[in-house]
Amino acid sequence: MLRKGKMLVVVGSLLLFGTATLVHAEEDMQKQVDAVKAAIPKFAIPMREVGDRFQNMYYAAKGGNWGLAFYMSKYMNGAMNPAKLTKPVEYADWANFYSKTFDPVNKAILAQDVKSFEKEYKAVIKNCNECHVAMGYGFIKVKQLKAPADQGIDYSIKSKSTDVPK
Ligand code: HEC
């Protein structure tokens with residue numbers, strides 16, 4: 001009888017101890033996840049890349065380097081990926097912008113149509129800035145640069161928009 005009682009106490013303590021350890025481990029894990037999330041960029045850091053790739057894209061298209069133009073657009077969108085996790089609500093607005101508002105620019109790149117590209121590119125700058133205003137960043141006004149943001153690439157190499165590896 002006594003032995004059985006002792007056994008129960010031992011098992012019970014082990015269970016309690018085990019549960020406490022598990023709860024602790026879970027809290028610890030959540031803390032680590034939160035810390036990782038806090039270290040992932042939100043909008044400001046990816047937007048720097050969006051800004052530069054957007055400027056570069058223009059000179060690539062004008063130079064007939066359509067592969068580079070498409071590449072710049074693809075990674076302009078890809079740059080925003082961290083915001084999927086850190087700013088999901090605002091990211092939805094970006095996703096909507098890229099898939100709809102920005103689509104005419106992408107279509108012009110795919111068609112390698114420089115005239116239509118020029119028109120759509122210039123038009124979309126207004127939409128970039130509308131989102132800045134809507135999100136309380138009206139003081140960030142995109143304007144076109146007189147040269148690409150990144151000078152370390154040859155924009156005049158001739159390529160096709162389909163040259164970008166999948
Ligand atoms: C969904 C809304 C949205 C759209 C669309 C958008 N932006 Fe932004 N952008 C922001 C926000 C918000 C910030 C401020 C970042 C912050 O502080 O979190 C920003 C900041 C910027 C910055 C300043 C980055 C820095 O810190 O130096 C640039 C440059 C920029 N955007 C370029 C663009 C360009 C170019 C486009 C269009 C191709 C564009 N943005 C479209 C929301 C948007």
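Description of the overall build of the protein
Line of reasoning, step 1. Each helix and strand in the protein was counted, giving 7 helices and 0 strands.
Line of reasoning, step 2. Secondary structure elements of the protein occur, N-terminal to C-terminal, as α-α-α-α-α-α-α.
Line of reasoning, step 3. For 166 residues, the compact-globule estimate of 2.2 N^0.38 gives 15 Å, and the protein exceeds it by more than 25% at 26 Å.
Line of reasoning, step 4. Counting only C-alpha atoms and orienting by the principal axes, one finds that the protein spans roughly 95 × 35 × 30 Å.
Line of reasoning, step 5. Looking at the protein as a whole, 29% of its 166 residues are labelled buried.

Comments concerning helix H2 (residues 44–62)
Helical periodicity: at 3.6 residues per turn, an α-helix aligns residues three or four positions apart in one direction.
Line of reasoning, step 1. For H2, spanning 19 residues, the distance from its first C-alpha to its last is 28 Å, which sits close to the expected 27 Å at 1.5 Å a residue.
Line of reasoning, step 2. Those residues of H2 that fall on the buried side of the exposure criterion are Pro46, Val50, Arg53, Phe54, Gln55, Asn56, Met57, Tyr58, Tyr59, Ala60 and Ala61.
Line of reasoning, step 3. Contacts from the buried residues of H2 go to helix H3 (66–78), helix H5 (88–101), helix H6 (103–111) and helix H7 (114–134).
Line of reasoning, step 4. Of the residues flanking the end of H2, it is glycine 64, one or two places downstream, whose phi is positive at about 80°.

Focus on the coordination of the iron atom of the ligand
Line of reasoning, step 1. Binding of the iron atom of the ligand to the protein goes through Met47 (SD) and His132 (NE2), at separations of 2.0 to 2.4 Å.
Line of reasoning, step 2. Each of the 6 donor atoms bound to the iron atom of the ligand contributes to angles spanning 85 to 179°, and the resulting shape is octahedral. One end of the pair, methionine 47, is in helix H2; the other, histidine 132, is in helix H7, with 85 residues separating them in the sequence.
Line of reasoning, step 3. Exposure remark for methionine 47: the relative accessible area of 22% places this residue in the partly exposed category.

Observations concerning the domain arrangement of the protein
Line of reasoning, step 1. Split into domains, the protein comes out as domain 1 (1–39) and domain 2 (44–163).
Line of reasoning, step 2. Averaged C-alpha coordinates put domain 1 and domain 2 at centres separated by 50 Å.

As for the side chain of asparagine 106
Line of reasoning, step 1. Relative to the helices and strands, asparagine 106 is located in helix H6.
Line of reasoning, step 2. Among residues more than four places away in sequence, those in contact with asparagine 106 are Ser73 and Tyr98.

Here we look at the packing of H2 against H3
Line of reasoning, step 1. At a minimum axis separation of 8 Å, H2 and H3 run at an interaxial angle of 165°. Taken together, the axes of H2 and H3 are roughly antiparallel relative to one another. Where H2 crosses over H3, the two elements pack in a sense that is left-handed. Contact residues: H2 offers Glu49, Val50, Arg53, Phe54, Asn56, Met57, Ala60 and Ala61, while H3 offers Trp66, Leu68, Ala69, Tyr71, Met72, Ser73, Tyr75 and Met76.
Line of reasoning, step 2. When the residues that make up the contact of H2 with H3 are grouped by side-chain class, the tally is 12 nonpolar, 2 polar and 2 charged.

The rules behind each value
- Residues numbered from 1 in each chain as written.
- Predicted model: local features only at pLDDT ≥ 70, side-chain atom pairs only at ≥ 80, totals over all residues.
- Heavy atoms only, no water.
- Helix = DSSP H or I, 4+ residues; strand = E, 2+ residues; numbered from the N terminus.
- Rg over C-alpha atoms; globule rule 2.2 N^0.38 Å.
- Buried < 20%, exposed > 50% of the residue type's maximum accessible area, 1.4 Å probe, protein only.
- Expected span 1.5 Å × (residues − 1).
- Contact = heavy atoms within 4.5 Å.
- Donors = N, O, S within 2.8 Å, 3.2 Å for Na, K, Ca; no water.
- Tetrahedral: all angles 85-135°; square planar, octahedral: opposite > 155°, others 65-115°.
- Domains from an automatic or database assignment.
- Axes fitted to C-alpha atoms, helices over the stretch in contact; angles between N-to-C directions.
- Parallel < 35°, antiparallel > 145°, perpendicular 65-115°, else oblique.
- Left-handed = near helix turned anticlockwise from the far one by under 90°.
- Nonpolar A, V, L, I, M, F, W, Y, C, P; charged D, E, K, R; others polar.

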